[in-house]
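One-letter residues, chain by chain:
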Amino acid sequence: MAQSVVKPNQRPYRVLFVCLGNICRSPAAEIIFRKQVADAGKADHFEIDSAGTLGYHEGSPPDHRMCETLERLGYTISGRARQIKKIDLEYFDLIVTMDQSNYTDVKNLDRTTQFHPKIQPLVRFCNEHDDKHVPDPYYGGKEGFEHVARLLEDGCAGIFNRTKDIVPMNS
Ligand code: 4NP
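Residues numbered from 1 in each chain as written. Predicted model: local features only at pLDDT ≥ 70, side-chain atom pairs only at ≥ 80, totals over all residues. Heavy atoms only, no water.

Within the chain, the secondary structure is distributed over 5 helices and 4 strands. Reading the chain from its N terminus to its C terminus gives the helix and strand order β-α-β-α-α-β-α-β-α. Whereas a compact globule of 171 residues would reach a radius of gyration of roughly 16 Å, the chain reaches 15 Å, a difference of no more than 12%. The C-alpha extent of the chain, read off along each of the three principal axes, is 45 × 40 × 35 Å. (Helix = DSSP H or I, 4+ residues; strand = E, 2+ residues; numbered from the N terminus. Rg over C-alpha atoms; globule rule 2.2 N^0.38 Å.)

In total, this model carries 6 aromatic pairs according to the counting rule given. Taken together, a centroid distance of 5.2 Å and an interplanar angle of 80° make the contact between Tyr-91 and Phe-92 edge-to-face. The class of Tyr-91 is partly exposed, set by a relative accessible area of 32%. Ring pairing ties together the aromatic residues Tyr-13, Phe-17, Phe-33, Phe-46 and Phe-160, which thus form one cluster. Of note, Arg-14 hangs over the ring of Tyr-91, and the distance from its end group to the ring centre comes to 3.8 Å. Over the face of the ring belonging to Tyr-75 we find Lys-35, whose NZ or CZ atom lies 5.9 Å from the ring centre. (Phe/Tyr/Trp six-rings, centres within 6.5 Å; stacked < 30°, edge-to-face > 60°. Buried < 20%, exposed > 50% of the residue type's maximum accessible area, 1.4 Å probe, protein only. Lys NZ or Arg CZ within 6 Å of the ring centre and 35° of its normal.)

Judged by side-chain polarity, Leu-20, Leu-54 and Tyr-56 come together as a nonpolar surface patch covering roughly 320 Å² of accessible area. Among the secondary structure elements, Leu-54 is positioned in the loop between strand 2 (46-52) and helix 2 (64-72). Look at Leu-54 and you get partly exposed, because its relative accessible area is 38%. (Patch = residues over 30% accessible without salt bridge, like charges linked within 9 Å, V, L, I, M, F, W, Y side chains within 5 Å. Areas by Shrake-Rupley, 256 points an atom, 1.4 Å probe, with all protein chains shown as cover. Salt bridge = Lys/Arg side-chain N within 4 Å of Asp/Glu carboxyl O.)

Our next topic: the pattern of salt bridges. Here the structure, examined in full by the defined rule, presents 11 salt bridges. Residue Glu-146 is joined to Arg-72 by a salt bridge in which the shortest nitrogen-to-oxygen separation is 3.0 Å. Of this pair, Glu-146 sits in helix 5 (residues 142-163) while Arg-72 sits in helix 2, and the two are 74 residues apart along the sequence. Glu-153 serves as the salt-bridge partner of Arg-150, at 2.9 Å between the closest nitrogen and oxygen. With Arg-150 and Glu-153 both in helix 5, this residue pair falls 3 residues apart, about one helical turn. A residue is classified by how much of its surface remains accessible, and Arg-150, at 37% relative accessible area, is partly exposed. One connected set of salt bridges, linked through shared partners, spans Arg-72, Glu-146, Arg-150 and Glu-153.

Encoded structure:
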């Protein structure tokens, strides 16, 4: 991992995006959020990752349809799928889920409930969309991937705005 320039007493704010397979929605959210913070010159203030509740696609790159959509919108693709682990609940500051089933699954991983406040659906951060969840585009067409990308851009921008209050933005 790259050396952080955040002051010694301030560590990067850790954000984990979670979906089912970690090949469509959550890697796209990771890629989008990474670019938004980098474009704002704040890359060193965040540690960003994504994971799936399912281990089935472990080690796979993002789905080619998601990649095509993101590349068309100007993003560079990176990342390999992994399954969420219990330790992620403790490690990350904010855990962002895509739909009701990921939200429930991640909450169920935290038997103690102590980390529940960190677990938040992405749509809660949207300003321009009133969708109730980020739909799974896996079995649908091209328009589904486009809609997911736009929804994620909106939600990620909302997360960045909210975290401005937490992450030092004066450097
Ligand atoms: P994701 O999409 O949760 O956005 O990565 C899916 C990927 C794979 C499957 C379902 C959803 N699957 O059933 O294999």
